[in-house]
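# Summary of structural features
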Amino acid sequence: MTIDVTAERVVPLPPGRVAGYAMDWRHDADWTQGIRTAELTAQAEGGGFGAGAEVTRTAYFLGRRIDYVLRVAAYEPPRLLDMVSVAGPLPMHITHTFDPHPDGTLARIRVRGGKGGFHRLAAPLPARQVRCSLVKDLRDLEARLLEQEPAEQG
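Quick notes on the rules
Residues numbered from 1 in each chain as written. Predicted model: local features only at pLDDT ≥ 70, side-chain atom pairs only at ≥ 80, totals over all residues. Heavy atoms only, no water. Salt bridge = Lys/Arg side-chain N within 4 Å of Asp/Glu carboxyl O. Helix = DSSP H or I, 4+ residues; strand = E, 2+ residues; numbered from the N terminus. Buried < 20%, exposed > 50% of the residue type's maximum accessible area, 1.4 Å probe, protein only. Pairing = 2+ DSSP bridges.

### Focus: the pattern of salt bridges
- Going through the model one piece at a time under the given rule, you end up with ten salt bridges.
- In this structure, Asp-28 engages Arg-57 in a salt bridge whose closest nitrogen and oxygen atoms are separated by 3.1 Å. In this pair, Asp-28 is assigned in helix α2 (residues 28-31) and Arg-57 in strand β3 (residues 54-61), connecting sequence segments 29 residues apart.
- A residue is classified by how much of its surface remains accessible, and Asp-28, at 6% relative accessible area, is buried.
- What makes Arg-57 buried here is its relative accessible area of 5%.
- Connected via shared salt-bridge partners are Glu-8, Asp-99 and Arg-108.

Take a look at the structure:
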């Protein structure tokens with residue numbers, strides 16, 4: 001079973017603000033479903049976060065701990081963050097895009113995955129469950145950003 005799911009949401013803030021928060025691995029656990037921790041475990045060639053960097057995430061699914069590593073394949077702030085798994089139970093490719101929209105930013109997440117050891121942990125995850133999770137992620141991203149706005153403007 002392969003998965004290819006996309007969710008999108010218009011966030012009423014500029015792309016630089018939305019992407020700046022969402023592309024920062026230190027915020028992964030704040031708005032991404034199931035993520036408990038995220039750690040920069042390999043820096044980009046020039047140092048810090050960027051293409052070639054690796055982030056190790058710990059997530060919980062059906063009560064089981066899942067550790068996986070995502071390598072940044074493309075990093076073009078404030079428009080694109082593209083990551084592929086290099087270690088973990090499920091091959092996956094996650095693409096975040098942030099495009100200008102008349103009402104703010106069109107934030108989009110696409111998840112593609114293939115067969116892997118993950119299927120030994122649980123029944124194959126239906127695409128609609130993945131989409132539901134992505135919709136919640138984008139909702140939580142918007143909520144986090146809007147919570148911060150008054151404090152930053154005041």
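Moving on, there is more to tell.
### Examining the pairing of β3
- Where strand β2 (residues 35-42) lies against β3, six bridges are found, and the strand directions are antiparallel. Residue pairing for β3: Ala-42 is matched across the bridge by Glu-54.
- Two strands pair when backbone bridges link them, and β3 and strand β4 (residues 64-76) are joined in this way by eight bridges, in the antiparallel orientation. Counted as the bridge partner of Thr-58 is Asp-67 from β4.

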